Amino acid sequence: MRKLFKLLTNKILITIFFFLLQIALTCFIVLVLTSISAWVYIGFSILSLFICLFIMGKDTNPGYKLAWVIPILVAPLFGGMMYISFGRSARLRRKERKRLAQTIRETCKHYDGALARTDERLDSLNESSHKLGTLVRNLSGYPVYEHTDVQYYSLGEDFYAALKDDLSKAEHSILLEYFIIERGKCWDGILEILQEKVATGVDVRVIYDDMGCLFTLPGNYAKKLKAMGIKAHVFNRIKPTFNIRMNNRTHRKIAVIDGKVAYTGGLNLADEYINEVEKYGHWKDTAIRMEGETAHAFAVMFMQFWLLLDRSQEPIDNFLLPAAQHDCRGFVQPVASDPGQNVQVIEKGLMEIIHNADRYVYINTPYLIPDNEFVTALCLAAQSGVDVRITMPHIPDKKTVFIMSRSFYPVLLKAGVKIYEYLPGFVHAKSMVCDDSIAYIGTCNLDYRSFYLHYECGAFLYDVPAIDDIKADYLATLEKCKEITYEEATDVTAFTKLARSVLRLFAPLM
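Residues numbered from 1 in each chain as written. Predicted model: local features only at pLDDT ≥ 70, side-chain atom pairs only at ≥ 80, totals over all residues. Heavy atoms only, no water.

1. Side note on the nonpolar core
Then, number 1: In this structure, Phe159, Leu163, Trp187, Tyr208 and Leu412 are the most contacted members of the largest nonpolar core, which totals 99 residues.
Then, number 2: Residues Tyr152, Met290, Ala299 and Met301 belong to the second largest nonpolar core, which totals 50 residues. (Core = buried A, V, L, I, M, F, W, Y, C linked by side-chain atoms within 4.5 Å. Buried < 20%, exposed > 50% of the residue type's maximum accessible area, 1.4 Å probe, protein only.)

2. Some thoughts on the sheet that holds strand E4 (residues 231–235)
Each strand in a sheet pairs with its neighbour through backbone hydrogen bonds, running either in the same direction (parallel) or in the opposite one (antiparallel).
Then, number 1: A sheet is described by the order of its strands in space; here 7 strands give the open sequence E1-E8-E6-E5-E2-E3-E4, paired in mixed fashion. The outermost strands of the open sheet, each flanked by one partner alone, are strand E1 (149–153) and E4. Going across the sheet, the axis of each strand differs from the next one's by a mean of 10°, ignoring polarity.
Then, number 2: Of the pairings in the sheet, the one linking strand E2 (residues 173–178) to strand E3 (residues 203–209) comprises 6 bridges and is parallel in character. Its bridge partner being in E3, Leu176 is matched across the sheet by Val206.
Then, number 3: Packed onto the sheet, helix H10 (residues 156–168) meets E1, E2, strand E5 (254–257), strand E6 (261–265) and strand E8 (287–291) and runs at close to 155° relative to E6.
Then, number 4: The sheet contacts of helix H13 (residues 294–310) involve E2, E3, E4, E5, E6 and E8, and relative to E3 the element is tilted by about 70°. (Pairing = 2+ DSSP bridges. Helix = DSSP H or I, 4+ residues; strand = E, 2+ residues; numbered from the N terminus. Axes fitted to C-alpha atoms, helices over the stretch in contact; angles between N-to-C directions. Contact = heavy atoms within 4.5 Å.)

3. Quick notes on the pattern of salt bridges
Then, number 1: Enumeration over the complete set of coordinates arrives at 22 salt bridges.
Then, number 2: For Asp119, the salt bridge goes to Arg137, with nearest N and O atoms at 3.0 Å. Placement of the pair is Asp119 in helix H8 (residues 118–123) and Arg137 in helix H9 (residues 127–140), with a sequence separation of 18 residues.
Then, number 3: On the basis of relative accessible area, Asp119 is assigned to the partly exposed category, the value being 42%.
Then, number 4: A relative accessible area of 17% means that Arg137 is categorised as buried. (Salt bridge = Lys/Arg side-chain N within 4 Å of Asp/Glu carboxyl O.)

4. Concerning the pairing of E8
Then, number 1: Burial runs high along E8: 4 of the 5 residues are buried.
Then, number 2: Across 5 bridges, the pairing between E1 and E8 is antiparallel. Each residue of the ladder has a partner; that of Val150, found in E8, is Met290.
Then, number 3: Of the pairings in the sheet, the one linking E6 to E8 comprises 5 bridges and is antiparallel in character. When the sheet's bridge partners are listed, Gly265 is paired in E8 with Ala287.

5. Examining the packing of H9 against helix H14 (residues 345–356)
Then, number 1: Packing of H9 against H14 leaves a shortest axis separation of 10 Å and a crossing angle of 165°. If you check the angle between H9 and H14, you find them roughly antiparallel. The chirality of how H9 crosses H14 is right-handed. On H14, the residues that touch Ser128, Lys131, Leu132, Leu135, Val136, Leu139 and Ser140 of H9 are Val345, Lys348, Gly349, Glu352, Ile353 and Asn356.
Then, number 2: In the contact of H9 with H14, the residues fall into 6 nonpolar, 4 polar and 3 charged. (Parallel < 35°, antiparallel > 145°, perpendicular 65-115°, else oblique. Left-handed = near helix turned anticlockwise from the far one by under 90°. Nonpolar A, V, L, I, M, F, W, Y, C, P; charged D, E, K, R; others polar.)

6. Quick look at empty space enclosed by the protein
Then, number 1: Throughout the structure, instances matching the rule amount to 4 cavities of 30 Å³ or more.
Then, number 2: The computed volume of the largest cavity comes to approximately 50 Å³.
Then, number 3: Around the largest cavity sit Leu350, Ile363, Asn364, Thr365, Lys430, Ser431, Met432, Tyr440, Cys444 and Leu446, which together line it.
Then, number 4: Listed by contribution, the elements that provide at least two residues to the lining of the largest cavity are strand E10 (360–364) and strand E15 (431–434).
Then, number 5: Partitioning the lining of the largest cavity into residue classes produces 6 nonpolar, 3 polar and 1 charged. (1 Å grid on protein atoms, 1.4 Å probe; cavity = no way out; pocket = protein on both sides within 12 Å on 5 of 7 lines; lining within 4 Å. Points joined across faces, edges and corners; volume = space filled by probe spheres on them.)

Purely geometric numbers; function is a separate question.
Okay, here's the thing in structure tokens:
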């Protein structure tokens, strides 16, 4: 009886049940109304037509427009309502928007010192880095930092060991924000340290995404953390309603210790990321550790969300303790994206790297579903003689997404882009390195969801020594990859070609 009660009260089942119930009720009401009067059908059709005109007039990605216009015209009874529910721009509620805007205004003052020196720092860089840094600063407001020690981790196991070591040394605060947290060796090892630190008076705070942890954590896990003395919030709680906001997840991975050390990269806090379990073969992922004033920016990123979720006006100076000034070459520019702003700062930054590349651009991504502008940038770079290489998984975690990703192979390969698949398993790294002078490490996949719907973060690196490590790791990884030829990419069945075409059409919606 207890097992049955637990099953019936399972958050996942409840969410799915009410979501399907709403779909069924909506379809029933529409069909009943249209059967009663032809004018109702005409009314829905006119509504869908006006919605199509509205979509075409929006200043948004053409692929996203097309992906909505076609199904609306094909099914005018339901297409218009589906767009109203799921297709509108991602935005917080009005009160939340105001609160977040106020929080950003108040917290961004902590960037003032670094912003005042950003132009001077950019002037010491080459032309490509200067243009990229200026673009990111102008679009997002994030400054460029110096005197930051950057360590690159080519595997999750190395990241995990370093993170635990830094967590064990925390004296004042620990801030963790992750898309996925899953109970197992990885999280249990971290949680043990967090509990020890809480007992010594360290301020420990955790944010995790509700969708990302839907299948990995129980619905009341935040309460369990609070009972341990760990402050916790769940980002964008899942509600079984037609709501575009359910699409807006925090896909960010942030760890900040004492405001002095920060981590970001592709790694979530679960066992497959550190190869304790094998779900899709060997898991290839990357991360960076930044020690210095750069950590302040990631602390501010975290606290902006925390103050939004906590609904408090807490000062954040306690999380920005003076950081060590390392005698290190190069600069670091943190970055975070906000789908509500419709700016796509990380995508534009990556495209800027590609546009200005002189010799090479090497890319890691688990998913390859870029918009037309990004595809054009890759093709033009390759056609102009730049060595453009993309490393993808050979063992996919999502087969439908993998089919969509492979549908982009032919056009890229034909233009001269080289594509490799990682034979041992799954590439989850999100990175780009260019001309020995610029790199990006972060959380952003090359797909519509990361570019347009998720909250993402990362760091652009300029002339830091870790860039050499990123390049060396990429080239070493290629030795475990298979290069895909144009003939292989196009030698598929008619059914596969049809599936690719259909999925490509709806790629912006997935």
